[in-house]
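Fold and contact review
The chain contents come next:
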Amino acid sequence: MSNKNQASTRDKLFSLIVYTLLGLALIIVLYPLIYIISASISSPTSVGSGKMWLWPVDITFSGYQVIFKNADIWNGYKNTIFYTVLGTSINLFVTLPCAYALSRRNFMAKKWFMKMLVITMFISGGLIPTFILIKALGMYNTVWALVIPNAASVYNIVVTRTFFQSTIPDELEESAAVDGASDLRIFWQIVLPLSMPIVAVMALFYGVGQWNGYFNAMIYLSDRSLYPLQLILREILVVQDMSSNTTNFSTTSAEMLQQKQQLVDVIKYGVMIVSTLPVIMVYPFLQRFFVKGVMIGSIKG
Amino acid sequence: MKKILSILCGLTLVLTFGVSLTACGSSDDSATDITQGLDNVNLEGFPIVKNPIKLSLFAPGTGMQEWSKMSTNNEYTQKTGISWDYTTPPLTDVQTKLNLAIASGDYPDVLFGLGTDNLKSATLVKYAAQGILLPLDTLIDKYAPNLKALLVKYPDVKKSITAPDGHIYSLPSLTEPQPSSIWARGPLWYNGDWLKKLNISEQQLPKTTDEFYDLLKKFKDGNLSGNNNDVPITDTDMNSIRSWMMSAFGILAQDVFVENNKVIYGPTDPRYKDYLLYMNKLYNNNLLDHDIYQQQDEQKRAKGNANRLGVFSDWFSYFTTGKSENQSLDYYMFHPLTSTDSPEAVAPISQGFQMNAFSITKHCSNPIAAMRWVDYFYSEEGANFIDSGPEGDLYKWETNNQGERVRVYVKPDITPDNAEDQRGKISPCYGIVCPYLGVYLPGIKTQAQKNDPLYSPFQNFIQSQTDTILKPVGKVPFPLTYLTEEESEQITDLSSDLQTAVQSWEGKFITGKEDINTKWDTYVQTIQSIGIDKYVKVYQEAYDRYQKD
């Protein structure tokens, strides 16, 4: 009797601790989100002065109004969606067949290809040679500069290859071959449908990467109408602190910074929400694949 | 496997070399003849070229408008016959883009509006030595009458923009004496509301460090905003207060500065210790904002908007307070202070011009045309043109009831509040270091204000404050000048190491984490061991060279 009681108090204590820890984790994760949402609809002054710390104060939608009126932001949005869709498609188109081929035991020179791939993870051309290459290939200031150079990530290929190795038994392929299926058909009709988790995970990995990427765009694009959202945001949001300018400053710079600063104060948080919303919204739909996919790919060999 | 690897490494090496060699090869064509294209140039008036030409230009973009769509640019192209291929990366990425362009050998004909922030003087000297930038002296002499006249009028400018090898590689951004052009940084401003409440007139404002302390104390004790959370003096990271308070003790810069033709390093000078002690006293008595090292402009402005600040730094006081220009006329400028260390007030000011505003690269097929193109901006008419756009876009000239010529906004929806935005959409000279002669024109008026006095009350206020308070005591800490490539190499790392160390000690001393009296010697030794002697020597040589020219 007393034993049982003890056990249940222990259980309760255990649950209590678990819930407290989970609760803490929840607060840590949730607070910045709520803060940003609240800040996006509070007046900039109350955010700056610290009056707003959880719920919105002096509610105003002026930030969103400015954002929705800003043609640059929408053009950037359009570009980003286009680059993400196109880029991710190319990524998957390259990664999946490559990984599948590398996962097959009867593929000749598999080891050699793997080694070549892995070497690129450690040695790269460096920024300026790559830049010169892209220019020489005529990809400078075009969409292709954003989607071709990073078409395949070796890391992702390795993860995908491991997934194929461990979930698609060679016997399956053999029996399909006996039934007369070609290699392409095996890949499309048998392997891919069985590998949806890894497809979803790769789509998410690549997609988020493309969505957030700004460096390649910064290096390879010069035409503003091609800029993705992240580059536009960077341009708007990164304002030099006026007071940190020591010399070489003029009234016109001061006035420009002041104007920019005011704009940034108003739209800063709204823009964070607008730019991350699509990713946040897509995530729950892919999440069920996510855990499974990553777990299976996690044991490499 | 090992063999394969080594072959592979070799191959990669060969490839990289090949690429870099071809890159050099493509950029290494023979030295450009600066007079090429002369046949196509009209030596006077417009258009500049007989047959239209197209050149390329690299400049920082402010994101207001694409340069190819700015009416000023298009109108000027019409006028001159020179059209441009614009590359205008955002301000944040200008340096990266420029480095890439230069490194890949595919750089444009003209570098426009970069300033020393985006094109460091050391980098400029390096590019010049590599032959990437053309020497401009002959061109200025023969084809740039406006600029030539200005360089005669302002010999200091000519001294500064001449590189150590005796050539000019980059044109300056000039300003005909206008008040804020001598500001080395934003001044400190007094809270006019509070002064009124305390019955302190402009003449009674502090002139010594002790008086200043007393006033801050009054600000603190007066509870003038009524919330018991007043901040007598604030800034972000000491950036501005520092130079105003240091100069009260005779230290003109937290770096090298010139005193009686001798270069001195400020932060190890005994007078600097007094500055630290004074700031520490302000901090300990809750007069100096305790958030000073954490806050950003945003937080400072929030405090200003809530009228919680007594003395604060900003370019204009209303940037912080959020008031209108006309409400800011009693927010007086901080008067440079005196102390026992510095019985005569001094304050750091700037020379009123900026460097590295316009360069021509060796890719330029017609340097003379490019020089004539930019020279127009160094005339009053041309400066007004590139600054405010062609007449009829933003403003038009009208005559007011006093018979004076005055610029009036063309559209009723353009007001002083959004005029800068509008200007940024039509003119490239917005927020960048423009190669021109910035002239101090009366502000543009709305139709309704057309008959008001030419200069607004706020313009007059700034003018008189600057003239009476700053100008008489202003001193340039160190003249703008170029170092040789060798000198830059010696001090680039030193300079950032020193700054980091000095500022981190400054913070510890002021906030009281380290005791100034006991730790001062350790501090001086630490800083000196970083390499002050070499640092000062380089600057002393540069200064001597500057004086000799």
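What counts and what doesn't
Residues numbered from 1 in each chain as written. Chains lettered and ligands numbered in written order. Predicted model: local features only at pLDDT ≥ 70, side-chain atom pairs only at ≥ 80, totals over all residues. Heavy atoms only, no water. Pairing = 2+ DSSP bridges. Helix = DSSP H or I, 4+ residues; strand = E, 2+ residues; numbered from the N terminus. Core = buried A, V, L, I, M, F, W, Y, C linked by side-chain atoms within 4.5 Å. Buried < 20%, exposed > 50% of the residue type's maximum accessible area, 1.4 Å probe, protein only. Contact = heavy atoms within 4.5 Å. Salt bridge = Lys/Arg side-chain N within 4 Å of Asp/Glu carboxyl O. Polar contact = N/O pair within 3.5 Å; in protein donor to acceptor, adjacent residues only side chain to side chain. Domains from an automatic or database assignment. Buried area = accessible area lost by both parts, 1.4 Å probe. Nonpolar A, V, L, I, M, F, W, Y, C, P; charged D, E, K, R; others polar. Expected span 1.5 Å × (residues − 1). Arc of directions from axis to C-beta. Axes fitted to C-alpha atoms, helices over the stretch in contact; angles between N-to-C directions. Left-handed = near helix turned anticlockwise from the far one by under 90°. Phe/Tyr/Trp six-rings, centres within 6.5 Å; stacked < 30°, edge-to-face > 60°. Lys NZ or Arg CZ within 6 Å of the ring centre and 35° of its normal. Lys, Arg positive; Asp, Glu negative; His and termini not counted.

Attention now goes to the sheet that holds strand β3 (residues 110-112) of chain B. Sheet strands pair by backbone hydrogen bonding; their relative direction is either parallel or antiparallel. Sheet architecture is open: six strands sit in the order β2-β1-β3-β11-β4-β14 (chain B), paired in mixed fashion. What marks the edges here is a single partner per strand, and that holds for β2 (82-87) and β14 (437-438) of chain B.

Moving on: the nonpolar core. All names here are of chain B. Ranked by size, the top nonpolar core spans 88 residues in total, and within it Phe-212, Tyr-275, Met-279 and Leu-288 carry the most contacts. Broken down by element, this core gets its largest block of residues, 12 residues, from helix α20 (residues 516-548). If we ignore the near neighbours within four places in the chain, the residues touching Leu-288 are Ile-233, Met-238, Ile-241, Met-279, Leu-282, Tyr-283 and Ile-510. Residues Ala-59, Leu-119, Ile-360 and Tyr-482 belong to the second largest nonpolar core, which totals 72 residues.

Glancing now at the interface of chain B and chain A. Counting from both sides, the interface comprises 53 residues of chain B and, opposite them, 52 residues of chain A. Our enumeration of links across chain B and chain A arrives at three salt bridges. A salt bridge links A:Lys268 to B:Glu298; the nearest nitrogen and oxygen atoms lie 2.8 Å apart. Inspection of the region where chain B meets chain A yields six residue pairs in polar contact (both at pLDDT 80 or more).

Right, let's get into the domain arrangement of chain A. Residue and element names in this part refer to chain A. Considered domain by domain, chain A is made up of domain 1 (2-48) and domain 2 (63-297). Counting residues at the interface gives eight residues for domain 1, matched by seven residues for domain 2. Here domain 1 packs against domain 2, burying approximately 600 Å² in sum over the two surfaces, 83% of which is carbon and sulfur. Counting the surface domain 1 buries against domain 2, the share from its top three residues, Ile-36, Ser-40 and Pro-44, is 66%. Linking domain 1 with domain 2 are zero salt bridges, by the criterion used here. Put simply, domain 1 and domain 2 have one residue pair in polar contact (both at pLDDT 80 or more) between them. Residue assignment for the side of domain 1 that touches domain 2 shows that the elements contributing at least two residues are α1 (2-40) and α2 (44-48). With five residues, the top contributor of residues to the side of domain 1 that touches domain 2 is α1. Taken together, the residues of the side of domain 1 that touches domain 2 break down into seven nonpolar, one polar and no charged.

This part covers helix α10 (residues 183-194) of chain A. Residue and element names in this part refer to chain A. Helix length check: α10, at 12 residues, gives a terminal C-alpha distance of 16 Å against a target of 16 Å (1.5 Å per residue), a fit within 8%. Buried residues of α10: Ile-186, Phe-187, Val-191 and Leu-192, and no others. For α10, the buried positions fall inside an angular range of 140° around the axis, keeping them on one side. In α10, those exposed residues whose orientation departs by more than 90 degrees from the buried face are Arg-185, Trp-188 and Gln-189. On its buried face, α10 sits against α4 (71-103), α8 (154-167), α9 (170-178) and α11 (196-212).

Attention shifts here to the packing of helix α12 (residues 270-284) of chain B against α20(B). Residue and element names in this part refer to chain B. The N-to-C vectors of α12 and α20 enclose an angle of 145°; their axes lie 11 Å apart at closest approach. Where α12 crosses over α20, the handedness of that crossing is right-handed. Along the contact surface, α12 presents Pro-270, Tyr-272, Lys-273, Leu-276, Leu-277 and Asn-280, while α20 presents Ile-516, Asn-517, Trp-520 and Tyr-523.

All names here are of chain B. Considered for burial, the residues of helix α5 (residues 121-129) that qualify are Ser-121, Thr-123, Leu-124, Val-125, Tyr-127 and Ala-128. Here the buried face of α5 lies against α3 (94-103), α4 (115-118), β11 (353-360) and α19 (485-510). Directly after α5, the chain includes Gly-131, whose backbone phi takes a positive value near 80°.

All right, on to the sheet that holds strand β9 (residues 309-313) of chain B then. Residues and elements named next belong to chain B. Strand order in the open sheet formed by three strands is β5-β9-β6, with mixed pairing between adjacent strands. In this open sheet, the two strands that pair with only one neighbour each are β5 (188-190) and β6 (231-234). Averaged over all pairs of adjacent strands, the angle between strand axes in this sheet comes to 15°, irrespective of strand direction. By the bridge criterion, three bridges tie β5 to β9 in an arrangement that is antiparallel. Along β9, the bridge assignment pairs Trp-189 with Phe-312. Here helix α13 (residues 297-305) sits on the sheet and contacts β6 and β9; the angle it forms with β9, its principal contact strand, is near 145°.

This part is about the packing of aromatic side chains. Taken as a whole and assessed by the stated rule, the structure comprises 60 aromatic pairs over all chains. Ring geometry for A:Tyr100 versus A:Phe164: centroids 5.7 Å apart, planes at 90°, classification edge-to-face. Here A:Tyr100 is found in helix α4, whereas its partner A:Phe164 is found in helix α8, with 64 residues between them in sequence. In this structure, A:Tyr100 and A:Phe164 share a single accessibility class: buried. When the centroid spacing of 5.5 Å and the interplanar angle of 15° are considered together, the rings of B:Tyr76 and B:Tyr376 count as stacked. Of the two residues, B:Tyr76 is situated in helix α2 (residues 71-80) and B:Tyr376 in the loop between α15 (367-375) and α16 (380-388); the sequence distance between them amounts to 300 residues. Taken as a pair, B:Tyr76 and B:Tyr376 share a single burial class, namely buried. Taken together through their ring pairs, the aromatic side chains of B:Phe46, B:Trp67, B:Tyr76, B:Trp84, B:Tyr86, B:Phe112, B:Phe358, B:Trp373, B:Tyr376, B:Phe377 and B:Phe385 make up a single cluster. Sitting above the plane of the B:Tyr546 ring, B:Lys159 keeps its charged end 4.8 Å from the centroid. Just above the ring of B:Tyr213 sits the side chain of B:Lys281; from NZ or CZ to the centre is 4.3 Å.

Okay, the pattern of salt bridges next. Within the structure shown, the criterion is met by 23 salt bridges over all chains. Between B:Asp93 and A:Arg234 there is a salt bridge, with its nearest N and O atoms 2.4 Å apart. Taken together, the positions of B:Asp93 in the loop between β2 and α3 and A:Arg234 in helix α13 (residues 229-237) put the pair across two chains. The buried category is assigned to B:Asp93, whose relative accessible area is 2%. The partner of B:Lys519 in a salt bridge is B:Glu514, and the shortest N-O contact between them spans 2.8 Å. Here the residues in one salt-bridge network are A:Arg104, A:Arg105, A:Asp170 and A:Glu173, joined through shared partners.

Attention shifts here to the side chain of B:Asp109. Residue and element names in this part refer to chain B. Along the chain, the position of Asp-109 falls in the loop between α3 and β3. Salt bridges are absent for the buried Asp-109, whose nearest opposite-charge side chain, Lys-54, sits at 10 Å. At 2.9 Å, the side chain of Asp-109 forms a polar contact with the backbone nitrogen of Ser-56. Once you skip the residues sitting within four places of it in the chain, Asp-109 turns out to touch Leu-55, Ser-56, Ser-359, Ile-360, Thr-361, His-363 and Cys-364.

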